[in-house]
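# Structure assessment
The lines below spell out each chain.
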Amino acid sequence: MKLAITDQSLPRYHLLGTLIVVLTLALTLGGSFMWMAQGEHLQVIQRLEKSFEVKKQERLRTEMAAAIGYLDFVHSRTEAVLKNALQDKVSMAIQTAQGIYAREHGRRPEGEVKRLIIEALRHQRFFDGRGYFFVDDQQGTCILLPIAPALEGSSLWDNRDDRGHYIMRGLVDAARSDPAGGLSRYRWYSPDDPRKMSDKLAFVRLFEPYGWVIGTGDYLYKWEEMRLREGLDRLRAWSFGDTGRFMVMDDEGRMLTPLHGADAERPPLESAVTPQEKATRQRLLSLGRAGGGMAEFPWPGRASDSQETRSALVEVYAPWKIIVVASLVNDEMQAALASEKDSAAAALRARMPQFIGMTVVAAALALGASLLFSRWMSSLFRAYHARIDAHTRTLEKQAGELRLAGHVFESSREGIIITDPETRILAVNPAFTAITGFSSDDVLGRSPGVLRSGYHAPDFYESMWSSIRDTGSWSGEIYNRRKDGHVYPEQISISTVHGPDGEVRHYVGTFLDISERKEAEIRIRHLAEFDTLTQLPNRALLTDRLSQAIALARRSGDKLAVLFIDLDRFKNINDSLGHAMGDRILQEVAARLCLIVRESDTVSRLGGDEFVVLVTGLEHAGNAMPTAQKILASLGRPYQLDDHELQLTPSIGIAIYPDNGSDNESLLKNADAAMYHAKSSGRNNFQFFTPELNQWVTDRLRIENGLRHALEREEMQIHYQPQVDLGSGRIVGCEALLRWYPAEGGPIPPDRFIPVAEETGLIHPIGLWVLDEACRQLAQWDAEGAAEIRMAVNVAVPQLRRHTFVEQVAAILARHRLASGRLEIEVTESVFLDPDAQIRETLHNLTDMGVKLSLDDFGTGYSSLSYLKNFRFDVLKIDRSFVSELARSHDDMTLVRAISSIARDMSLITVAEGIESEEQQRILNELGCNLGQGYLFSRPIPASEFRRLVMPAS
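Residues numbered from 1 in each chain as written. Predicted model: local features only at pLDDT ≥ 70, side-chain atom pairs only at ≥ 80, totals over all residues. Heavy atoms only, no water.

## Concerning the overall build of the chain
Within the chain one finds 28 helices and 31 strands. Within the chain, buried positions represent 42% of all 954 residues. Counted over contacts in the chain with a minimum sequence separation of 6, partners at least 24 positions apart contribute 59%. (Helix = DSSP H or I, 4+ residues; strand = E, 2+ residues; numbered from the N terminus. Buried < 20%, exposed > 50% of the residue type's maximum accessible area, 1.4 Å probe, protein only. Contact = heavy atoms within 4.5 Å.)

Encoded structure:
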């Protein structure tokens, strides 16, 4: 094809070529950016998949370590439990002998007294019939042997077991070693296999009046079997996550616990095991014999016909020769992985507009430069042909005006209709056809009335034509009908075209379809008045409806109720499951509320987890109670979302018009106050507003406002209560206790202002001040020569959630030049109910730094031995509720002894709180408690008074 080169076409060809090159380069650049972004996205997905696989393995290793730790704990207690049992039995036998001796000695011959003692012990059996009492003298002569009466009276001094150990000599040496008795270990014939000897542990004690050795014993393997059953029962009930379970086999491959521990009390019969399960067992058994490791295997699901793939960690527990398998279903973590993939894809989609924008900007800049260059070239051509084309331009200008008018008519986005004076349609443009659906052939020669929708009354059109005749024009909104019958709104302007003599030549109407604008107005109004998440009325619309309801109730004499609803502990769901899951919960709550109320009532969401229900047309205040009860029942039902079954409860405050307020503000404020009263009353209930609540709200606001300035006004003080060694009576530590003395009014107890500080976030500056002041005071006492003690400081859960808390503690210790071991952080068991992983990380970092950890109020809340193992506590504090009735309650003594025993075996220090008498001190010391604090030693006192307790006597 040959191009026609002229003075006009040459610049255009030049411009066209430049545009093609520039656009090609811009599109290539944009494509390369998008290709690179796609590659990065694929790498992110691969990293995510690897990361989730590592997390799954770490989870299995964590659970396996916990299970093995528990088995170690159970196994390690075998001999201790047997020892205590033997000791209790021998003590019982000694008491029996002493009782008979005390009663019959002097009344009967010595031989008769001895016979009575022997016969009293002969028939006693225990330990499932294996246990019995034996009696020997210190020369090895057998006095009582119930299982072999023929040997009674003979000497067993030289009896030895299969390892050469002299049995009788060992028993006599153990009895002589300690007046309280001693242990002896030897081997004897097993009741399960009389041909073989097994390890046996015996406890013996001297009966002083006759020099007898009285004792009993039992086989260690019998007690190890009982401990093994205890460990298997625990693993059978152990679960983690949604699908995590333990399975245990012996070293021969026999199943000791099933995979689904809740499905059966005992393993299935081998005849009922499928070939696939046998193959899987054999594979896991081989892996365990090889030292353990990770594996993946198919396994029947809980449904009869389902199959699931599980990832497992296999380890051998050598002391009991069992193989432990921790496994979970692979699909459990797929939802989280899919969410991460979706986030990565969303990030990629978010970057695409940037790449496209950069490409468009680059192309626009290049196009602009090309246009400027083309215009410069065109100006040169125009200057060259200026004189030649002068006449041509004049002619072209006139022709251009005609073409422009025609072009505007044909290409305008507005519909144009031209009629004669009798309103017969003469012409319509393409936009008219596009908007109305009528072609020019459909309407030419007809009246515009063909478009009428029937939405407007006749007087509307009469007013319109009156304005056109009087003023020559009319503009406004009108509803017309398309050819397909759909009605639509349009913005139309009608003007009159007059001739030279003023006569009407034509009517010209131009119009636009404003359907989208109308829809946008509706959307904007909806966004302004409704909550975007739940589609419920927001605060603005609620205020409007409440005002209307108050006005109507004032006229009719009825009452109305405002129910202020707050979801209890909703923040835990957001923190643990994410805000997306929290939003779904809010949507479900909104749906349930809408099903409860009448159509005349209003359900509104104020924000967060706060909802308001407006109930109108009440005859008396009590009519609001059924609605509140329905809300409690409906919102308290479980929420089933994906694999999660969640439980939420509401707290509801109710204010009645006109009893509790006559305007919007007072009704909402009083309902809010009643809701807070419902929360303070235990949550999951409703409370009507009462005048007394005004005082409660006022007091709470006063406490909150006072706390904001308490530190700068120096109203906070720390009192110190000593911690005393119960054995020596020496002060070895103290607990820092916060006190608040406001400038106005009396002191406020901690149980009133600490919860407010935690709710408002003021606990962070106050808590740091307490830590710093306590450490400063401890350093000052050291500088003055006081005895070296340890400082215990209470820390609240919100403080442990802060990422910077450990750094702040380190900075305070460094500032006051204190060793980390001098500081003891006290936490309560409530920290373990919080799912925030940061709390666990903070506690681990504090112990790594050397700071001591103390578990306060142990045994009163959610005590679990796993806390002691997983969190490396240094101190257990026994609550005052176990101490107050210690002298009169055998149960309290048993609990304190058990706690002290656990602490001693785990190398923990025990501190008893609330000691008020010397008798309590003596009992606690005998039960094995290390330290104590209470009014017996000192009340919490200021630093100046406490200084006199720890300074050396001058």
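Once the structure has been displayed, the description carries forward.
## Observations regarding the pairing of strand β14 (residues 473-481)
The side-chain alternation of β14 yields one buried face, formed by Trp474, Gly476, Ile478 and Asn480, and one unburied face, formed by Ser473, Ser475, Glu477, Tyr479 and Arg481. As judged from the nine bridges shared by β14 and strand β15 (residues 487-498), these two strands associate in the antiparallel manner. Bridged to Ile478 within β15 is Glu490. (Pairing = 2+ DSSP bridges.)

## Looking at the sheet that holds strand β2 (residues 142-144)
The five strands lie next to each other as β2-β1-β5-β4-β3, forming an open sheet whose pairing is antiparallel. The open sheet has two edge strands with one neighbour each: β2 and β3 (182-189). This sheet shows a mean twist of 35° between the axes of neighbouring strands, independent of strand direction. Pairing analysis gives two bridges linking strand β1 (residues 134-137) to β2, with the strands arranged antiparallel. Bridging across to β2, Asp136 finds its partner in Cys142. In the packing of helix α2 (residues 78-104) onto the sheet, the strands contacted are β3, β4 (197-207) and β5 (212-219), and the crossing angle to β4 comes to about 35°. (Axes fitted to C-alpha atoms, helices over the stretch in contact; angles between N-to-C directions.)

## Examining the environment of Ile631
Mapped onto the elements, Ile631 comes out in helix α16 (residues 624-635). Spatially, the C-alpha atom of Ile631 lies 9.1 Å from that of Val597, the residues being 34 residues apart in sequence. Contact partners of Ile631, with chain neighbours within four places excluded, come to Leu563, Ile565, Leu593, Ile596, Val613, Gly636, Pro650 and Ile652.

## Some thoughts on the environment of Pro940
Mapped onto the elements of the fold, Pro940 is located in the loop between β31 (931-933) and α28 (943-950). Residues Pro940 and Leu737, 203 residues apart in the sequence, show an inter-C-alpha distance of 7.3 Å. Setting aside its immediate chain neighbours within four residues, Pro940 contacts His719, Tyr720, Gln721, Leu737, Arg739 and Tyr935.

## Thoughts on unusual backbone geometry
Glycine aside, residues mostly have negative phi, and peptide bonds are mostly found in the trans state. The omega torsion of the bond from Tyr657 to Pro658 falls at 5°, within 30 degrees of zero and hence cis. Relative to the helices and strands, Pro658 resides in the loop between β22 (650-657) and α17 (664-680). Unusually for a residue other than glycine, Phe127 sits at a positive phi of about 55°. Examined against the element boundaries, Phe127 turns out to sit in the loop between α3 (110-122) and β1. Residue Phe127 is classed as buried on the basis of its relative accessible area, which comes to 13%. Although it is not a glycine, Asp642 sits at a positive phi angle of roughly 55°.

## What about the sheet that holds strand β30 (residues 909-913)?
Taken together, the eight strands give a closed barrel; going around it, the order is β24-β25-β26-β27-β28-β29-β30-β31, and neighbouring strands pair in mixed fashion. Going across the sheet, the axis of each strand differs from the next one's by a mean of 30°, ignoring polarity. Looking at chain direction, strand β26 (residues 790-794) and strand β27 (residues 823-828) are connected through four bridges and run parallel. The partner of Val793 across the bridge, within β27, is Ile825. Lying on the sheet, helix α26 (residues 890-905) is in contact with β28 (852-858), β29 (875-878) and β30; it crosses β29 at an angle near 175°.

## Considerations on the packing of aromatic side chains
Scanning the entire structure with this criterion turns up 23 aromatic pairs. Taking 5.1 Å as the distance between ring centres and 45° as the angle between the ring planes, the aromatic pair formed by Tyr210 and Trp212 counts as tilted. We note that Tyr210, like Trp212, is buried. Consider the rings of Phe240 and Phe246, whose centres lie 5.7 Å apart with planes at 65°: the pair is edge-to-face. Comparing Phe240 with Phe246, the two get one shared label, buried. Taken together, the ring pairs connect Tyr101, Phe207, Tyr210 and Trp212 into an aromatic cluster. (Phe/Tyr/Trp six-rings, centres within 6.5 Å; stacked < 30°, edge-to-face > 60°.)

## Some points on the pattern of salt bridges
For the structure on display, the rule yields 45 salt bridges. Across the pair Asp199 and Arg187 runs a salt bridge, and its minimum N-O distance is 3.0 Å. Residue Asp199 is located in strand β4, and its partner Arg187 is located in strand β3; the two are separated by twelve residues in the primary sequence. On the accessibility criterion, Arg187 (13% relative accessible area) is buried. With its nearest N and O atoms 2.5 Å apart, the salt bridge here joins Arg482 to Asp513. (Salt bridge = Lys/Arg side-chain N within 4 Å of Asp/Glu carboxyl O.)

## A few points about helix α20 (residues 763-783)
Its 21 residues place the ends of α20 30 Å apart at the C-alpha level, agreeing with the 30 Å of an ideal helix rising 1.5 Å per residue. Gly785 sits one or two residues past α20 and shows a positive phi near 90°. (Expected span 1.5 Å × (residues − 1).)

## Some words on the nonpolar core
The tendency in soluble globular proteins is for nonpolar side chains to be buried as a group. Grouped together as the largest cluster of nonpolar side chains are 75 residues, with contacts concentrated most on Leu707 and Trp781. Here the element with the most residues in this core is α20; it accounts for nine residues. The contacts of Leu707, once residues within four sequence positions are left out, are Met716, Trp740, Phe753, Val756, Ala757, Leu762 and Ile766. Grouped together as the second largest cluster of nonpolar side chains are 33 residues, Ala590, Leu641, Leu646 and Ile654 included. (Core = buried A, V, L, I, M, F, W, Y, C linked by side-chain atoms within 4.5 Å.)

## Overview of a nonpolar patch on the surface
A cluster of nonpolar residues, Met34, Ile356 and Val360, forms a patch on the protein surface that exposes about 250 Å² of accessible area. Assignment of secondary structure puts Ile356 in helix α7 (residues 334-384). Take Ile356: its relative accessible area is 45%, and that puts it in the partly exposed class. (Patch = residues over 30% accessible without salt bridge, like charges linked within 9 Å, V, L, I, M, F, W, Y side chains within 5 Å. Areas by Shrake-Rupley, 256 points an atom, 1.4 Å probe, with all protein chains shown as cover.)

## Notes on the environment of Asn794
Relative to the helices and strands, Asn794 resides in strand β26. Judged by relative accessible area, Asn794 falls into the partly exposed class, the value being 34%. Those residues in contact with Asn794 that sit more than four places away from it in its chain are Glu735, Ala736, Leu737, Glu826 and Asp856.

## A few points about the side chain of Thr627
Here Thr627 is to be found in helix α16. If near-sequence neighbours (up to four positions away) are discounted, Thr627 is found in contact with Leu563 and Val615.

## Things to note about the packing of α20 against helix α22 (residues 805-815)
It is the contact of α20 with α22, at a shortest axis distance of 9 Å, that shows an interaxial angle of 25°. Comparing their axes, α22 and α20 come out roughly parallel. Regarding α20 and α22, the two cross each other, and that crossing is right-handed. Residue-level contacts link Leu768, Leu771, Asp772 and Cys775 of α20 to Phe805, Gln808, Val809, Ile812, Leu813 and Arg815 of α22. Looking at side-chain class alone, the contact of α20 with α22 contains seven nonpolar, one polar and two charged residues. (Parallel < 35°, antiparallel > 145°, perpendicular 65-115°, else oblique. Left-handed = near helix turned anticlockwise from the far one by under 90°. Nonpolar A, V, L, I, M, F, W, Y, C, P; charged D, E, K, R; others polar.)

## Digging into the side chain of Arg310
In this structure, Arg310 sits in strand β10 (residues 307-317). Within the structure, the side chain of Arg310 is placed 2.5 Å from the backbone oxygen of Thr243, a separation counted as a polar contact. (Polar contact = N/O pair within 3.5 Å; in protein donor to acceptor, adjacent residues only side chain to side chain.)

## Focus on the pairing of strand β18 (residues 602-607)
In terms of burial, β18 is a largely internal element, five of the six residues being buried. The pairing of β18 with strand β19 (residues 610-618) spans five bridges and is antiparallel. Paired with Val603 across the two strands is Val613, which belongs to β19.

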